[in-house]
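# What the coordinates show
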Amino acid sequence: MISEEKELYQKVPKDLRDIAKVVKLMESSFRIPFTNRTFGLEPIIGLVPVIGDSIGFIVTSWIMVTLLRNGASGKVIAKMFINIFIDVALAFMPVLGNVIDFFFKTNQRNLSLAVEHYQYGTNQGSAKSVILPIILGLSVMFITMLVGTIFLVIYFIQLLFN
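What comes next concerns the included structure. (Residues numbered from 1 in each chain as written. Predicted model: local features only at pLDDT ≥ 70, side-chain atom pairs only at ≥ 80, totals over all residues. Heavy atoms only, no water.)

### Looking at the packing of helix α5 (residues 74–91) against helix α7 (residues 106–120)
Direction vectors running N to C along α5 and α7 enclose 175°, while the axes themselves pass 9 Å from each other. In this view, α5 runs roughly antiparallel relative to α7, as classed from their interaxial angle. Judged by residue contacts, V76, K79, M80, N83, I84 and D87 of α5 engage T106, R109, N110, L113, A114 and H117 from α7. A per-class count over the contact of α5 with α7 returns five nonpolar, four polar and three charged. (Axes fitted to C-alpha atoms, helices over the stretch in contact; angles between N-to-C directions. Helix = DSSP H or I, 4+ residues; strand = E, 2+ residues; numbered from the N terminus. Parallel < 35°, antiparallel > 145°, perpendicular 65-115°, else oblique. Contact = heavy atoms within 4.5 Å. Nonpolar A, V, L, I, M, F, W, Y, C, P; charged D, E, K, R; others polar.)

See below:
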């Protein structure tokens, strides 16, 4: 794990070096003794309601804006949004969201996508191949929740009137 992180930070293009420093501080600046696990300030500051998540959002936004300014493809941006969506969805769970931040490391994943995009030309092209399955999946989830809610309402109405 640590060697992968070092390799990532060594391959960062010049335009992304400042971001890489902040990402390293936020997500992997400290190592747990006798393990290969690293963590940064994000899971710690995330314990402070609103402020922690806001700082994480600022770093994430900075990466996205920089990539958009440097002409990142729709596909790489879509993949980053997936990482951000997962992080935000899981962050709503108090304490557990911080534990998940310790393992998921959204900004590090997005930095890795950016490095791959600029250095190796991966994730080129349209976001359609990423966005369409997401839209389909979210639609199925929404319909399932809607149908489930309707059944629950009917069930509770029957309980009240029987």
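### Here we look at the nonpolar core
Among the nonpolar cores identified, the biggest contains 18 residues, and L67, M80 and L111 are the most heavily contacted of them. Residue assignment for this core shows that the elements contributing at least two residues are α2 (17–27), α4 (51–69), α5 and α7. (Core = buried A, V, L, I, M, F, W, Y, C linked by side-chain atoms within 4.5 Å. Buried < 20%, exposed > 50% of the residue type's maximum accessible area, 1.4 Å probe, protein only.)

### With respect to the packing of α2 against α7
The N-to-C vectors of α2 and α7 enclose an angle of 150°; their axes lie 9 Å apart at closest approach. Viewed along their axes, α2 and α7 adopt a mutual orientation that is roughly antiparallel. Both α2 and α7 take part in a crossing whose hand is left-handed. Across the interface between the two elements, I19, A20, V23 and E27 of α2 pack against T106, N107, Q108 and L111 of α7. For the contact of α2 with α7, the per-class residue count stands at four nonpolar, three polar and one charged. (Left-handed = near helix turned anticlockwise from the far one by under 90°.)

### Structural notes on unusual backbone geometry
Phi is positive for F34, which is not a glycine, with a value near 65°. Topologically, F34 is positioned in the loop between β1 (30–31) and β2 (38–39). In this structure, K105 is a non-glycine residue whose phi angle is positive, near 50°. Assessed through its relative accessible area of 6%, K105 is described here as buried.

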